[in-house]
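Structure assessment
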Amino acid sequence: MSKSISTKLIPIGRVSKVHGVRGDLKLFVYNKESNLLKSKINIWFKFEKEFKPFNIESNKGLNGEIVKLKSVSDRNSADLFKGKEFFVLRKDFPELEDGSFYLNDVIDFKVYNNMLEIGKISDILNLPSGNIIEIKSKNKYILIPMVDKYIELFDFKKKTVIMKDIEDLINL
């Protein structure tokens, strides 16, 4: 597989266990509100150093979190997937309304505060209390709550985020 494909894969969950004797997989999806698995898309798994696509034959559960993969027909084959993270291609995500975006779309955006670049977004932490932006700044990480109080602008063309009033949260 080309390296360009692997950079377009987004982790969306992990296989928690095998479900039944026919090789169904019980999946833990990172975004509990997602119904992406109900779409007939490929999910990707990494085996050794290579990503391999698997077609979802059928699914069950509230958000389709119990899946049957076409090429997995028994419990022994399904055991190979236990604990593995799974991915989907970014292009398989549903379209969003204007003004909305997926959190993974802002990873690697440059972050500015008072016209000064403070780093790049390295991750978005999804916590029960809300999302937290993790910024890699020089040799440290800075955590900023993803709320209007601290975010002035997401510029998707320039791939930048303009922050405000974060001086007390960071030690530049």
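The structure under discussion appears in the preceding block.
The following paragraphs examine the structure supplied in this document. (Residues numbered from 1 in each chain as written. Predicted model: local features only at pLDDT ≥ 70, side-chain atom pairs only at ≥ 80, totals over all residues. Heavy atoms only, no water.)

1. Considerations on the pairing of strand E9 (residues 130–137)
Put simply, the rule is: Strand pairing is assigned whenever DSSP detects at least two bridges linking the two strands. By definition, any uninterrupted DSSP run of H or I lasting at least four residues is a helix, any uninterrupted run of E lasting at least two residues is a strand, and each is numbered from the N terminus.
Sheet topology note: the strand E8 (residues 116–127)/E9 ladder contains seven bridges and is antiparallel. Bridging across to E9, asparagine 126 finds its partner in asparagine 131. If you look at the hairpin formed by E8 and E9, you'll find two residues sitting between the two strands. Relative to strand E10 (residues 140–145), E9 is paired through six bridges, and the arrangement is antiparallel. Looking across to E10, one finds that serine 137 is bridged to lysine 140. What sits between E9 and E10 in their antiparallel hairpin is a turn of two residues, with lysine 138 showing a positive phi close to 55°.

2. Brief notes about the environment of isoleucine 41
We apply this condition: We call a residue buried when its accessible area falls under 20% of the maximum for its residue type, exposed when it is over 50%, and partly exposed in between, using a 1.4 Å probe and counting protein chains only. Only heavy atoms enter the contact rule, under which two residues are in contact if any of them lie within 4.5 Å.
Relative to the helices and strands, isoleucine 41 is located in the loop between strand E2 (24–29) and strand E3 (42–47). Its relative accessible area of 10% is what places isoleucine 41 among the buried residues. Taking the C-alpha atoms as reference points, isoleucine 41 and arginine 22, 19 residues apart in sequence, are found 20 Å from one another. Discounting chain neighbours no more than four positions away, the residues touching isoleucine 41 are Leu36, Phe54, Asn55, Ile56, Val88 and Asp92.

3. Let's talk about the environment of methionine 163
When you line up the elements, methionine 163 lands in strand E12 (residues 160–163). You can call methionine 163 buried: its relative accessible area is 2%. A sequence separation of 62 residues divides methionine 163 from phenylalanine 101, and the C-alpha atoms of the two residues are 18 Å apart.

4. Thoughts on the environment of valine 106
Along the chain, the position of valine 106 falls in the loop between strand E6 (85–89) and strand E7 (110–113). Its relative accessible area of 0% is what places valine 106 among the buried residues. Measuring from C-alpha to C-alpha, the distance between valine 106 and leucine 25 comes to 31 Å, with 81 residues separating the pair along the chain. When residues no more than four places from it in sequence are discounted, the contact partners of valine 106 are Phe101, Ile121, Ile124, Phe154 and Phe156.

5. Some details on the pattern of salt bridges
Filter applied, for reference: Here, a salt bridge means any Lys or Arg side-chain nitrogen found within 4 Å of an Asp or Glu carboxyl oxygen.
Within this structure, the stated rule accounts for four salt bridges. Between aspartate 79 and lysine 82 there is a salt bridge, with the nearest N and O atoms lying 3.7 Å from each other. Classification of lysine 82 by relative accessible area gives partly exposed; the value is 47%. For lysine 91, the salt bridge is made with aspartate 92, and the minimal N-O distance between the two is 3.4 Å. Take lysine 91: its relative accessible area is 67%, and that puts it in the exposed class. The exposure class of aspartate 92 is partly exposed, given its relative accessible area of 21%.

6. Some words on the side chain of asparagine 113
The condition that has to hold: Between N or O atoms, a polar contact is any pair within 3.5 Å; within protein, one atom must be a potential hydrogen donor and the other a potential acceptor, and residues adjacent in sequence are included only when both atoms are from side chains.
Structurally, the position occupied by asparagine 113 is in strand E7. Among the polar contacts made by the side chain of asparagine 113, one reaches the side chain of glutamate 167 at a distance of 3.2 Å.

7. Structural notes on the packing of aromatic side chains
Our working definition: Pairing of aromatic side chains requires ring centres within 6.5 Å, counting the rings of Phe and Tyr and the six-membered ring of Trp. Pairs whose planes differ by under 30 degrees are stacked, by over 60 edge-to-face, and all others tilted. Here, a charge over a ring is recorded when the distance from Lys NZ or Arg CZ to the ring centre is within 6 Å and its angle to the ring normal is within 35 degrees.
What the rule picks out here adds up to 14 aromatic pairs. Each ring, one from phenylalanine 51 and one from phenylalanine 87, has its centre 5.1 Å from the other, and the planes form 90°; the classification is edge-to-face. Here the residue phenylalanine 51 occupies a position in strand E4 (residues 50–60), and phenylalanine 87 occupies one in strand E6, the gap between them amounting to 36 residues. Neither phenylalanine 51 nor phenylalanine 87 differs from the other in exposure class; each is buried. We note lysine 136 situated over the ring of tyrosine 141; from NZ or CZ to the ring centre the distance is 5.2 Å.

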